[in-house]
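These are the residues of each chain, in order.
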Amino acid sequence: MHDIKRDEIMDLYKNPHNKGYMSKPTVSVSKKNPMCGDEVNLQLKIDNGIITDAKFDGNACSVSIISSSVLTDYIIGKSINEVKKIKKNDLLKLIDMNLSTSRISCASVVFSALQNALEDL
Amino acid sequence: MKDVRKDFPILNRTVNGSPLIYLDNAATSQKPKEVVDKIVEYYYKYNSNVHRGIHTLSEESTEMYEGARKLISDFIGADNPREILFTKGTTESLNRIAERWVPANLKRGDVILLSDLEHHSNIIPWQKAAERIGAEINYINTDDNGEITIEEVKKMISDKVKLISISHASNVLGTIVPIKEICKLAHDKGIYVCVDGAQAAPHLKINVQSLGCDFYAFSSHKMLGPMGVGVLWAKEKILKELEPYEYGGGMIDEVSFKNAAWAEIPIRFEAGTPNVSGAVGLGAAVTYLSNIGMDNIRNHEIELSKYLLEGLKEIKGINIIGPREADKRTGLISFYFLNIHSHDIASVLNTLGIAVRSGYHCAMPLHNKLNIPSTVRVSYYLYNTKEELNTLLNGIKKALDILS
Ligand SMILES: Cc1ncc(COP(=O)(O)O)c(C=O)c1O
């Protein structure tokens, strides 16, 4: 939580990027955090193998919101093949919050949703 | 109440540089030195398998194990120790009834009545058992104050209802359920009552005979005892007709290559080597609780509930769930804020050394029904103090400053 106080992180929590719903997503996947039952919904718009837009929503804690915001920012503009190569650890590095084990599961919900979404493609 | 804090070594530790304030007692309680010492003593001096050998250690070990059974039997006012079955906890106790008693006593079309405030472990075993025999499950609803009223129970009772399984106290709302009245109502109609006592046995003086229930389940670890042991109490008459839960060593009188004759109760229900140190530890825990006095613990908790309810009410935007009156609760209060997630509040509190639970507390259906997000749950016990609650209240305010 010391990290969460860092301004940019707190700013992302209060004003997350890509939060909400898009019309006619190519895929939409909801994933629950097995630890607490919170749910994140991830939607992707895909054109010619490129992720042209990504949005997320759901009832989620700060870590999950920040993680979803960072991940959606990161994948927009990338190809499906590039995005398939992203590992959970890459995301944890990107958000750089020094999370405890229980909070890693909060950060990972959106990542599982992304993996599910790509499975079907 | 005498100062008990010195009996709990863990209360001396710090978390994130602050003294630990442990307010997650509904998940598991801390253990007094007496309990831990007893377990150590058992392993250092008496360890041996029970009901097996004629050597001294085996006899002493058996005496300690059966002695613990007697202590627990007295603690909950059972008719005799044969009615006390050791299990690994409330979950196993409830599963045993669902697995063994339900198929032998219920049939297709019968109804099992639960309530909407149940913990998952008092829902899923019944769902599975009902599915197998074609029985149905109905739910008694809590009222606006988070209480289960007798009128509501009456409304749900029909000729089809054969079993009511209900918590004595809720692990989310804190509500104390009127078990005695429910049992009276049920028995007039020949309905059996099973009580999930996981959140009540640590806080209330329990007398299974005056409650009038048929089954009572609870866990050692929530009432100062070790993890991995719990109790299923049932009337002797019921146990005598009940099929064993597991089969194996220790629970038989005679075995041939074709079949086996069961030992007497309760040994019949304890196949395999039991958790002797666990039982002995729980025996020490109920002795400790009795020495303090369950009434003293109850009064202390009502004091804390009153104090905390007052303090929480002052916080802007807070939504407190469960009964408004302190004496209708055990030692816990859950609350939520609409735009701030419970995990985040728990995280800020953790930086201050305060341990609370956040989430759905194994009661998803209740949260969904009340249409509330996950909650923060503060649960206290005999060693918690008003000073700690003051630190908590300041911590919540600090969390709100950071997060909103
Ligand atoms: C009301 C209630 N029932 C059952 C249980 C399950 O107890 P255990 O995990 O010890 O089996 C709990 C524990 O959280 C509880 O609060």
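Values in this document were obtained by computation on a predicted structure and should not be read as measured data. (Residues numbered from 1 in each chain as written. Chains lettered and ligands numbered in written order. Predicted model: local features only at pLDDT ≥ 70, side-chain atom pairs only at ≥ 80, totals over all residues. Heavy atoms only, no water.)

A. Layout of the site of the ligand. Residue and element names in this part refer to chain B. Taken together, Gly89, Thr90, Thr91, His119, Ser121, Asn171, Asp196, Ala198, Gln199, Ser219, His221 and Lys222 make up all the residues around the ligand. In this structure, an oxygen atom belonging to the ligand sits 3.2 Å away from a side-chain N or O atom of His119. Here an oxygen atom of the ligand sits 2.7 Å away from a polar atom, N or O, in the side chain of Lys222. Here the residues of the shell around the ligand sort into one nonpolar, nine polar and two charged. (Near = heavy atom within 4 Å. Polar contact = N/O pair within 3.5 Å; in protein donor to acceptor, adjacent residues only side chain to side chain. Nonpolar A, V, L, I, M, F, W, Y, C, P; charged D, E, K, R; others polar.)

B. Spatial organisation of the packing of aromatic side chains. In total, this model carries 10 aromatic pairs over all chains according to the counting rule given. On the numbers, 5.2 Å between centres and 40 degrees between planes, the contact of Tyr65 of chain B with Phe86 of chain B is tilted. Of this pair, Tyr65 of chain B sits in helix 2 (residues 56-75) while Phe86 of chain B sits in strand 4 (residues 84-87), and the two are 21 residues apart along the sequence. Of the aromatic side chains, those joined through ring pairs into one cluster are Phe8, Tyr288, Tyr381 and Tyr383 of chain B. The positively charged end of Lys78 of chain A is found above the aromatic ring belonging to Tyr74 of chain A, 4.0 Å away from the centroid. (Phe/Tyr/Trp six-rings, centres within 6.5 Å; stacked < 30°, edge-to-face > 60°. Helix = DSSP H or I, 4+ residues; strand = E, 2+ residues; numbered from the N terminus. Lys NZ or Arg CZ within 6 Å of the ring centre and 35° of its normal.)

C. Inspection of the interface of chain A and chain B at higher detail. Each partner contributes to the interface: chain A provides 17 residues, whereas chain B provides 14 residues. Summed over the shared surface of chain A and chain B, the result is one salt bridge. Notably, a salt bridge pairs Arg103 of chain A with Asp344 of chain B, separated by 2.9 Å at the nearest N-O pair. For the interface between chain A and chain B, the tally reads eight residue pairs in polar contact (both at pLDDT 80 or more). Looking at the side of chain A that touches chain B, the elements with two or more residues in it are helix 1 (7-14), helix 2 (62-75) and helix 5 (101-119) of chain A. The leading source of residues in the side of chain A that touches chain B is helix 1 of chain A, at three residues. Along the lines of polarity and charge, the residues of the side of chain A that touches chain B split into nine nonpolar, three polar and five charged. (Contact = heavy atoms within 4.5 Å. Salt bridge = Lys/Arg side-chain N within 4 Å of Asp/Glu carboxyl O.)

D. Examining helix 2 of chain B more closely. Residue and element names in this part refer to chain B. With 20 residues, helix 2 extends 28 Å between its outermost C-alpha atoms, agreeing within 8% with the 28 Å of an ideal straight helix rising 1.5 Å per residue. Of the positions making up helix 2, those classed as buried are Ser58, Ser61, Thr62, Met64, Tyr65, Ala68, Arg69, Ile72, Ser73 and Phe75. Close packing links the buried residues of helix 2 with helix 1 (33-46), strand 4, strand 9 (215-219), strand 10 (230-234), helix 9 (276-292) and helix 10 (294-313). With its phi angle positive at about 65 degrees, Gly77 sits one or two positions after the end of helix 2. (Expected span 1.5 Å × (residues − 1). Buried < 20%, exposed > 50% of the residue type's maximum accessible area, 1.4 Å probe, protein only.)

E. Molecular detail of the sheet that holds strand 4 of chain B. Residues and elements named next belong to chain B. The seven strands are arranged 4-10-9-8-7-5-6 in an open sheet whose pairing can be described as mixed. Whereas interior strands pair on both sides, the edge strands pair on one side only; in this sheet they are strand 4 and strand 6 (136-140). When strand polarity is set aside, the average angle formed by the axes of neighbouring strands in this sheet is 20 degrees. Contacts from helix 2 reach strand 4, strand 9 and strand 10, with the element oriented near 115 degrees to strand 4. Each of strand 5 (111-115), strand 6, strand 7 (161-167) and strand 8 (192-196) touches helix 4 (residues 124-133); the most contacted strand, strand 6, lies at about 145 degrees to it. (Pairing = 2+ DSSP bridges. Axes fitted to C-alpha atoms, helices over the stretch in contact; angles between N-to-C directions.)

F. Main features of the pairing of strand 5 of chain B. Residue and element names in this part refer to chain B. The buried count for strand 5 comes to five of five residues, which makes it a mostly enclosed element. Burial of strand 5 is two-sided: the residues Val111, Leu113 and Ser115 facing one way and the residues Ile112 and Leu114 facing the other way are all buried. In terms of handedness, the path from strand 5 via helix 4 over to strand 6 forms a crossover that is right-handed. (Right-handed = clockwise from strand over helix to strand, strands pointing away.)

G. Main features of the sheet that holds strand 16 (residues 357-359) of chain B. Residues and elements named next belong to chain B. Taken in spatial order, the four strands line up as 13-14-17-16 in an open sheet, and their pairing is antiparallel. Sheet topology places strand 13 (319-321) and strand 16 at the edges, where each strand pairs with a single neighbour. Here the average twist between neighbouring strands, direction ignored, is 30 degrees. Those strands touched by helix 10 are strand 13, strand 14 (332-336) and strand 17 (375-379), and its axis lies near 15 degrees from that of strand 14.

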